[in-house]
Amino acid sequence: MFIAIEGNEALERFAQIPSKRIETAMRLWQISCCEVNVFNKSVFEERVGEEIRAYQEKIVLWARRGWQGSDITLESETQWSFSGGFLYSLTVITTIGYGNIVPRTEWGKIATIFYAIIGMPLFLLYLSNIGDILAKSFKWIYAKFCLCRVCPGVARRRALRARRRARTEERDYQSELGDNGFDTATITTSNVEDEIEEEITAETNTVTVPITICIMIMIGYIFFGARLFADWENWDILDGSYFCFISLSSIGFGDIVPGASLQTKGDTKMEISFILCAIYLLLGMALIAMCFNLMQEQVIYKIRSLKKCVRGCCQCKKNVPPPSEEESEG
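Nothing here was measured: the structure is a model prediction, and the numbers come from that model.

A.B. asks: So what exactly am I meant to see when it comes to the environment of isoleucine 101 here?
C.D. replies: Along the polypeptide, isoleucine 101 turns up in the loop between helix H5 (82–93) and helix H6 (106–146). Separated by 17 residues in the primary sequence, isoleucine 101 and glycine 84 have C-alpha atoms spaced 7.5 Å apart.

Below, the structure written as structure tokens:
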């Protein structure tokens, strides 16, 4: 949509800029050679000043209409390619807003407003749903890892469950001897197995991921992106890390932006690399939302645990009996 609006429209609107520049240069040449005596300094400066001021007024008018200061043909072919349109669409709905690609036409600005009104809620919905799904999936994987047989605490709980199950089976077997031969051991064992599985499932659902792991995931993803951008955009690790942090946090200063590939027309490899960078940003924002979700659960769990601890301490102080008279005298 933006390619269709901005590409041809901008070409038609600013196609006269190079010709006006050449026309102004020719006028200055005519004034210098034919129309004015160059030895008459005051008259020469007055005529040249009028031409330059007229050209400056045109430049200011074109800049207010969206001209970026370069030849519009090359600029439109590079900025509003598929990669340029994809970058602009991404920066609008993610609220990053680098500012290196902007609409120049009235219809482009109107389309941007409606596109943002529709796209920003959809993107927030995407972050909410994908972040929640990723958080549940990662918490399930983390719970399965923490509830493995290698962990000492889990092994102890499993041993206690096995011992309790053995006692239950033995008690059921003894009660079966006094009955008329009806076998209830299998049913009882099945019920015990169900209780154990429910207990394990409850522990899996109530487990929380430590904040340090979430921070490590975000730092690792930022350094992974810094390495990718260092290869694709010829940046160093610091610039790549800075760009990834600014982009994933949706700050978007615009001092460092992707799109060096946009300056090379027809380079398919660079175009694909740029699309992959945009996908990195989309997945990265979902990953950040996942980490924030997990960190929120951890903070809530810590606050509740602290509340229970404080409440327990207060109850213990209330239940302590006052000292007797003999103890107080002693």
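A.B. asks: Looking at this structure, how should I read the pattern of salt bridges?
C.D. replies: Oppositely charged side chains can form a pair if their charged atoms are brought close together. As enumerated under the stated definition, the model contains five salt bridges in all. Lysine 139 serves as the salt-bridge partner of glutamate 297, at 3.4 Å between the closest nitrogen and oxygen. Highlighted residues: glutamate 297 in helix H11 (residues 268–319) and lysine 139 in helix H6, separated in sequence by 158 residues.

A.B. asks: Just to check I follow, could you spell out a positive patch on the surface for this structure?
C.D. replies: Together, Arg304, Lys307, Lys308 and Arg311 make up a region of like positive charge exposed at the surface. Within the secondary structure layout, arginine 311 lies in helix H11.

A.B. asks: Hey, could you run me through the side chain of serine 89 in this one?
C.D. replies: With respect to the helices and strands, the residue serine 89 is situated in helix H5. Residue contacts for serine 89: discarding those within four places in its chain leaves Phe2 and Tyr115.

A.B. asks: Which parts of the structure should I look at to understand the packing of helix H2 (residues 17–35) against helix H3 (residues 41–64)?
C.D. replies: If you want to describe how two helices pack, look at the angle between their axes and the distance between the axes. Contact pair H2 / H3: the axes reach a minimum separation of 10 Å and the direction vectors enclose 175°. Relative to H3, the element H2 lies roughly antiparallel. Contacts between H2 and H3 involve Ile17, Lys20, Arg21, Thr24, Arg27, Leu28, Ile31, Ser32 and Glu35 on the former and, on the latter, Phe44, Arg47, Val48, Glu51, Ile52, Tyr55, Lys58 and Trp62. Looking at the contact of H2 with H3 residue by residue, the class counts come to eight nonpolar, two polar and seven charged.

A.B. asks: When you look at helix H9 (residues 211–232) in this model, what are you seeing that I'm missing?
C.D. replies: Counted at 1.5 Å a residue, the expected span for H9 with its 22 residues is 32 Å, and the 32 Å between its end C-alpha atoms agrees. Buried residues of H9: Cys214, Met218, Tyr221, Ile222, Gly225, Ala226, Phe229 and Ala230, and no others. Just beyond H9, the residue with positive phi is asparagine 234, at close to 60°.

A.B. asks: Quick question: what am I supposed to make of the nonpolar core here?
C.D. replies: If you look at soluble globular proteins, the nonpolar side chains tend to sit buried side by side. Formed by 41 residues in total, the largest nonpolar core has its most connected members in Phe229, Phe243, Leu248 and Tyr280. Sorting the residues of this core by element identifies H5, H6, H9, helix H10 (237–248) and H11 as the ones contributing at least two each.

A.B. asks: Explain unusual backbone geometry to me, please; I cannot follow it from the model alone.
C.D. replies: Negative phi is the rule for most residues except glycine; trans is the rule for most peptide bonds. Here the phi dihedral of threonine 95 falls at roughly 60°; this positive angle occurs in a residue that is not glycine. With respect to the helices and strands, threonine 95 occurs in the loop between H5 and H6. Even without a glycine there, the phi angle at serine 250 is positive, about 60°. For serine 250, a relative accessible area of 29% puts it in the partly exposed group.

A.B. asks: Just checking my understanding: could you explain a nonpolar patch on the surface for this structure?
C.D. replies: Together, Trp107, Ile110, Ile113, Phe114, Ile117, Ile118, Leu122 and Leu125 make up an exposed nonpolar region whose accessible area comes to about 890 Å². Along the chain, isoleucine 113 turns up in helix H6.

A.B. asks: What should I look at first to understand the packing of H9 against H10 in this one?
C.D. replies: Close contact between H9 and H10 brings their axes to 8 Å; oriented N to C, the two are set at 125°. By the angle class used here, H9 and H10 are oblique. Like other packed secondary-structure pairs, H9 and H10 cross with a definite hand, here right-handed. Counting all contacts with H9, which are made through Tyr221, Ile222, Phe223, Gly225, Ala226, Arg227, Phe229 and Ala230, the residues of H10 involved are Ile237, Gly240, Ser241, Phe243, Cys244, Phe245 and Leu248. Here the residues of the contact of H9 with H10 sort into eleven nonpolar, three polar and one charged.

A.B. asks: Please explain the side chain of serine 247 as it appears in this structure.
C.D. replies: Considering the arrangement of structural elements, one finds serine 247 in helix H10. Those residues in contact with serine 247 that lie beyond four places of it in its chain are Ile96, Tyr98, Leu281 and Met285.

A.B. asks: Would you explain the confidence of the model for the protein chain in this entry?
C.D. replies: Interpretation of the predicted coordinates at a detailed level should be avoided for regions scoring low in pLDDT. Taken over all residues, the pLDDT of the protein chain has a mean of 76, while the share at 70 or more is 68%. Averaged pLDDT values for the elements of the protein chain fall to 52 in helix H4 (residues 72–79) and rise to 91 in H10. Counted against residues more than four places away or in other chains, residues 182–187, with its pLDDT under 50, gives three contacts.

Parameters and conventions
Residues numbered from 1 in each chain as written. Predicted model: local features only at pLDDT ≥ 70, side-chain atom pairs only at ≥ 80, totals over all residues. Heavy atoms only, no water. Helix = DSSP H or I, 4+ residues; strand = E, 2+ residues; numbered from the N terminus. Salt bridge = Lys/Arg side-chain N within 4 Å of Asp/Glu carboxyl O. Patch = residues over 30% accessible without salt bridge, like charges linked within 9 Å, V, L, I, M, F, W, Y side chains within 5 Å. Areas by Shrake-Rupley, 256 points an atom, 1.4 Å probe, with all protein chains shown as cover. Lys, Arg positive; Asp, Glu negative; His and termini not counted. Charge placed at Lys NZ, Arg CZ, Asp CG, Glu CD. Contact = heavy atoms within 4.5 Å. Axes fitted to C-alpha atoms, helices over the stretch in contact; angles between N-to-C directions. Parallel < 35°, antiparallel > 145°, perpendicular 65-115°, else oblique. Nonpolar A, V, L, I, M, F, W, Y, C, P; charged D, E, K, R; others polar. Expected span 1.5 Å × (residues − 1). Buried < 20%, exposed > 50% of the residue type's maximum accessible area, 1.4 Å probe, protein only. Core = buried A, V, L, I, M, F, W, Y, C linked by side-chain atoms within 4.5 Å. Left-handed = near helix turned anticlockwise from the far one by under 90°. pLDDT = per-residue confidence, 0-100.

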